[in-house]
Amino acid sequence: MSLNNDMRQNIQSNLDFSPSPTGEARRAGREGSESLQTTSVPQSPAGTDRTMEEIVERENLKDALRRVKANKGAPGVDAMTVDQLGDYLKQHWPAIREQLLSGTYRPKPVKRVDIPKPAGGVRKLGIPTVLDRFLQQAVMQVLQQRWDPEFSNHSYGFRPGRSAHQAVAQAQQYIAEGCGWCVDLDLEKFFDRVNHDRLMARIAKRVDDKRLLKLIRAFLNAGVMENGLLSPSVEGTPQGGPLSPLLSNIVLDELDRELERRGHRHVRYADDCNIYVRSERAGQRVMRSITRFITQRLKLKVNEEKSAVARPQERKFLGFSFTDGPEIRRAIAPKAVVRFKDKIREITRQAKGISIETTVKRLATYMVGWRGYFGFCETPEVLIGLVACRSEFVTKDAASGI
C-alpha cells in the first residue's frame, strides 16, 4: 500500500463521530478521538476523478455532522433520530465508507410528509433518513464549492453569502430604475417535476467521478414511503434533504443564463423568479417566450393561475411588496401580515391549560424570528401596529381566563 494511502487511512481511522453534549461534533483536538476500524481503500474506477475521496475526508464529514445536528429535523423511515447518529456512525462508519468508495451505497426511501401551505393546499416534503441527510450534506459541501462560483449573479437562494433580503433589494433597484412591470413566474410543483436525466446530464459535465454520479442518481431514485407504501421516484428532487437546494440551482441556472442572454433584468430565489420590464406589452411577450423555454427546454411547467404580468406593487416577492410613488420602499406583503395575525391568534388560543410563561416564550420565539426577517421592510409604522396587535390579542385572551 502506498504512503499516501497509509496517511489517508490514519486520518480516517481517527475520525471522531461520537455525540457531543451540545448536539454538535466535538472540535478537533478538544477531546481524544475514538479509533475506528480501517479498511483498504479501493481504487477509483478507470475514467473517474477523486471527488468521492474529498467527500469522505475527515474535516468535510465533521462539518456535515455538525450541520445536520444543528438543523435537527424529524427521523426518516428508519426512525433514527439526530441524537442517535453519532453512536451509529461510531459503529458503522468503516462499512459505510467502504460502500461509498466502492460505489455500492444505497440510500433508504424518503418519508413523505404533507406540510400545509399558508395559502391553502399542502407541500409534499420528503424526509431522508438521518444517515442519508448526513451523506447528502457531505456531498453538497464539496459540490457547492465547485458550482457556486459559476452560478449566475441573479441567483440568491441557498447560496453562501446570499440571502432573500439581497434578492428583494435587487428587485427594488430594478423598479427604481424604471422597470414598472413584473413578470412573476411560478413554477408548478417544481421540486416534484425536475427531470432526472437532464439534471444528471448537467452534473456529469462537471463531475467525472462515476461513483458520485451513481450516488446522486441513487438519492434521486430512492423512492418515497407514504402510509407504509413504497412508491418509485422517477422525477423530482424531494424537499427536505440538504442536497435538494443545490440540485435546484443546478437545474435553474440554465434559466438564469437564458434570461441573461436575452438581456433581461431578473431576480431568482430558488424557484421564485421575477423579471422586470418597462411595459406591460414587453412583459406579456417575455411571459410567452420564457414559458415556452421552461416547458420545452427545462421540461418544467409554469403555473398559469399563479403567474402574472403586473405592477410590482400588486405582487409579492419573498414575503415583501413595494410601495408606489416616486420613492420605492420595501413593504410587508399584505398576505404576510394576515399570516402574522393568524399565527398570533393560534398561539394565544392554544394557551389554555398551559402556563402564561410558556405562551409568552412561544410568542417571543415567533416574534423574534418574524421581526428578524420582516424588519428589513422600510415601513416601520406597520411593524409598530403589529406589535400593538399582538398585545391586544394577549390581553383579550388573558381576560378570557387563558
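Presented here is a report on the structure given in the accompanying data block.

Conventions we followed
- Residues numbered from 1 in each chain as written.
- Predicted model: local features only at pLDDT ≥ 70, side-chain atom pairs only at ≥ 80, totals over all residues.
- Heavy atoms only, no water.
- Pairing = 2+ DSSP bridges.
- Helix = DSSP H or I, 4+ residues; strand = E, 2+ residues; numbered from the N terminus.
- Axes fitted to C-alpha atoms, helices over the stretch in contact; angles between N-to-C directions.
- Salt bridge = Lys/Arg side-chain N within 4 Å of Asp/Glu carboxyl O.
- Buried < 20%, exposed > 50% of the residue type's maximum accessible area, 1.4 Å probe, protein only.
- Core = buried A, V, L, I, M, F, W, Y, C linked by side-chain atoms within 4.5 Å.
- Contact = heavy atoms within 4.5 Å.
- Expected span 1.5 Å × (residues − 1).
- 1 Å grid on protein atoms, 1.4 Å probe; cavity = no way out; pocket = protein on both sides within 12 Å on 5 of 7 lines; lining within 4 Å.
- Points joined across faces, edges and corners; volume = space filled by probe spheres on them.
- Nonpolar A, V, L, I, M, F, W, Y, C, P; charged D, E, K, R; others polar.
- Polar contact = N/O pair within 3.5 Å; in protein donor to acceptor, adjacent residues only side chain to side chain.

1. Here's the deal with the sheet that holds strand E5 (residues 229-231)
Backbone hydrogen bonds hold the strands of a sheet together, and the pairing may be parallel or antiparallel.
Point 1. Pairing is mixed in the open sheet, where four strands are placed in the order E2-E1-E4-E5. Of all strands in the sheet, those bounded by a partner on one side alone are strand E2 (122-127) and E5. In this sheet, neighbouring strand axes are inclined to one another by 40° on average, regardless of whether the strands run parallel or antiparallel.
Point 2. Relative to E2, strand E1 (residues 110-116) runs antiparallel, the two sharing six bridges. When the sheet's bridge partners are listed, Asp114 is paired in E2 with Lys124.

2. What about the pattern of salt bridges?
Point 1. Inspection of the entire model under this criterion finds 25 salt bridges.
Point 2. Ionic pairing is found between Arg202 and Glu254, a salt bridge with its closest N-O pair at 3.4 Å. Of this pair, Arg202 sits in helix H8 (residues 196-204) while Glu254 sits in helix H10 (residues 243-261), and the two are 52 residues apart along the sequence.
Point 3. Overall, the relative accessible area of 23% leaves Arg202 in the partly exposed class.
Point 4. Salt-bridge contacts for Glu260 lead to Arg257; the nearest nitrogen and oxygen are separated by 3.1 Å. Separated by three residues within a single helix, Glu260 and Arg257 lie in helix H10, roughly one turn from each other.
Point 5. Using a relative accessible area of 27% as the deciding quantity, one classes Glu260 as partly exposed.
Point 6. Residue classification places Arg257 among the partly exposed residues on the basis of a relative accessible area of 33%.
Point 7. Each member of the salt-bridge network shares a partner with another, and the members are Arg50, Glu53, Asp209 and Arg211.

3. Here we look at the nonpolar core
Point 1. Grouped together as the largest cluster of nonpolar side chains are 65 residues, with contacts concentrated most on Phe134, Ile203 and Ile294.
Point 2. The contact partners of Ile203, leaving out residues within four places of it in the chain, are Trp147, Leu213, Ile216, Leu247 and Ile250.
Point 3. In this structure, Tyr156, Ile175, Leu318 and Phe320 belong to the second largest nonpolar core, which totals 31 residues.

4. Regarding unusual backbone geometry
Point 1. Here the phi dihedral of Phe158 falls at roughly 55°; this positive angle occurs in a residue that is not glycine.
Point 2. Within the element layout of this structure, Phe158 appears in the loop between helix H5 (130-147) and helix H6 (164-176).
Point 3. One non-glycine residue with positive phi stands out, namely Asn227, at about 55°.
Point 4. With respect to the helices, strands and loops of the structure, Asn227 is situated in the loop between strand E4 (224-226) and E5.

5. Topic: H6
Note on helix geometry: an α-helix contains 3.6 residues per turn, so any two residues three or four positions apart are oriented the same way.
Point 1. Taking 1.5 Å of rise per residue, 13 residues should cover 18 Å, and H6 covers 18 Å from first to last C-alpha, within 8% of that figure.
Point 2. Buried residues along H6 sit in contact with strand E6 (265-269), strand E7 (272-277), strand E9 (320-322), strand E10 (330-332) and helix H13 (356-374).
Point 3. Following H6 by one or two positions, Gly178 adopts a phi angle in the positive range, close to 110°.

6. Describing the pairing of E6
Point 1. Among the five residues in E6, four count as buried, and that is most of the element.
Point 2. Linking E6 back to E7 in an antiparallel pair, the connection comprises two residues, with Ala270 at a positive phi of about 55°.

7. Comments concerning the pairing of E7
Strand residues, when the strand is regular, have side chains that alternate between the two faces of the sheet.
Point 1. Within E7, five of the six residues are buried, leaving the element largely enclosed by the surrounding structure.
Point 2. Two strands pair when backbone bridges link them, and strand E3 (residues 181-186) and E7 are joined in this way by six bridges, in the antiparallel orientation. The residue bridging Cys182 from the neighbouring strand is Tyr276, located in E7.
Point 3. Examined bridge by bridge, E6 and E7 share five bridges and lie antiparallel to one another. Directly across from Tyr269, in E7, lies its bridge partner Asp272.

8. Brief notes about empty space enclosed by the protein
Point 1. Taken as a whole and judged by the stated rule, the model has seven cavities of 30 Å³ or more.
Point 2. What the largest cavity holds in volume is close to 130 Å³.
Point 3. As for the largest cavity, its lining consists of 15 residues, of which Pro128, Gln136, Phe219, Leu220 and Pro238 are closest to the centre.
Point 4. Put simply, the parts of the chain that give the lining of the largest cavity at least two residues each are H5, helix H9 (210-220) and H10.
Point 5. Counting residues per element, the lining of the largest cavity draws most heavily on H10, at three residues.
Point 6. Looking at the lining of the largest cavity, its residues break down into eight nonpolar, five polar and two charged.

9. Description of the sheet that holds E3
Point 1. Spatially, four strands are ordered E6-E7-E3-E8 in an open sheet, and the strand pairing comes out antiparallel. Lying at the two open borders of the sheet, with one neighbouring strand each, are E6 and strand E8 (308-310). Across the sheet, the axes of successive neighbouring strands diverge by a mean angle of 20°, strand direction being ignored.
Point 2. As paired elements, E3 and E8 share three bridges and run antiparallel to each other. Across the sheet, the residue bridging to Val183 is Val309, located in E8.
Point 3. Packing of helix H11 (residues 280-297) onto the sheet brings it into contact with E3, E7 and E8, and relative to E3 it is tilted by some 20°.

10. A few points about the side chain of Ser289
Point 1. Among the structural elements, Ser289 can be located in helix H11.
Point 2. Assessed through its relative accessible area of 17%, Ser289 is described here as buried.
Point 3. One polar contact links the side chain of Ser289 to the main-chain carbonyl oxygen of Val286, over a distance of 3.2 Å.

These figures capture arrangement, not role.
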